[in-house]
Amino acid sequence: MLGFLNQFAHKAELRESKDEILLGELVRVASRKGWPTISFQAGSDRQRVRFLTVGDPLLYSLFVTLDRRTGSGMIGEKLLGSKATLAFSAEIKNRLADPDDLVHMFRTDLANVFKMPVIGGVKLNHELNSVFATVTKIIEIGDFVLQGQQGTAQLQQMLDSTVGELRSKLEPYKKA
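Residues numbered from 1 in each chain as written. Predicted model: local features only at pLDDT ≥ 70, side-chain atom pairs only at ≥ 80, totals over all residues. Heavy atoms only, no water.

1. Structural notes on the sheet that holds strand β6 (residues 130-140)
The antiparallel open sheet is built from six strands, whose spatial order is β1-β2-β3-β4-β6-β5. At either margin of the open sheet sits one strand with a lone partner, and together these are β1 (37-42) and β5 (123-127). The average undirected angle you get between the axes of adjacent strands in this sheet is 20 degrees. Sheet analysis places strand β3 (residues 61-68) next to strand β4 (residues 83-93), joined by eight bridges and oriented antiparallel. Across the sheet, residue V64 finds its bridge partner in β4, namely F88. Where helix α2 (residues 18-32) meets the sheet, its contacts fall on β1, β2 (46-52), β3, β4 and β6, and the angle it forms with β2 comes to roughly 5 degrees. In the packing of helix α5 (residues 149-170) onto the sheet, the strands contacted are β3, β4, β5 and β6, and the crossing angle to β6 comes to about 150 degrees. (Pairing = 2+ DSSP bridges. Helix = DSSP H or I, 4+ residues; strand = E, 2+ residues; numbered from the N terminus. Axes fitted to C-alpha atoms, helices over the stretch in contact; angles between N-to-C directions. Contact = heavy atoms within 4.5 Å.)

2. A closer look at the nonpolar core
Proteins that are soluble and globular tend to have nonpolar side chains buried together. Grouped together as the largest cluster of nonpolar side chains are 34 residues, with contacts concentrated most on L22, L62, V64, L86, F88, L166 and L170. Of all the secondary-structure elements, those providing two or more residues to this core are α2, β2, β3, β4, β6 and α5. With six residues, the single largest contributor to this core is α5. (Core = buried A, V, L, I, M, F, W, Y, C linked by side-chain atoms within 4.5 Å. Buried < 20%, exposed > 50% of the residue type's maximum accessible area, 1.4 Å probe, protein only.)

3. Description of the side chain of T162
Looking at where T162 falls in the secondary structure, it is placed in helix α5. A relative accessible area of 0% means that T162 is categorised as buried. Ignoring sequence-local partners within four residues, the contact set of T162 consists of F88, V135 and K137.

4. Some details on the pattern of salt bridges
Evaluation of the coordinates by the stated rule reveals six salt bridges. Between E140 and K83 there is a salt bridge whose closest N-O contact spans 3.0 Å. One end of the pair, E140, is in strand β6; the other, K83, is in strand β4, and 57 residues separate them in sequence. K93 serves as the salt-bridge partner of E91, at 3.4 Å between the closest nitrogen and oxygen. Look at the salt bridges and you will find they share partners, linking R50, E91 and K93 into a network. (Salt bridge = Lys/Arg side-chain N within 4 Å of Asp/Glu carboxyl O.)

If you want it as structure tokens, here you go:
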């Protein structure tokens, strides 16, 4: 009887920890690319990690924000699955700024005021010498967690394609 209760508690703990496991897998995938983790921020169901994209000719850093939406309870996971949003935000640094850049920056920021971000759409943002491109994806955590090499390969493919998409949007804004 005690073993059954311990097994039930273990399954509940595992179910509640899937988002942390996914974040750990992301850190592992990024470290294989040579990108060290330089920042962690964690809340109850929201974690944010920042990677320094060492060796990348365009990107300076990458933020990944994991916000768990469903699946922290047994009934919710059975009915809705374990859904989360992953927000990827790539940053480039421009060390020099000229007045034309500031005009272009204000033009982009004004367009962002009237633009509603759509899931999967890339949004650009300027902050003095940094330009950010952000995209949000809705995922099923179970597709990537506790799936062995298959889950890791899917996560690697998603990270590569998303960073490639963000890189293509940021390329015109990079100054020498």
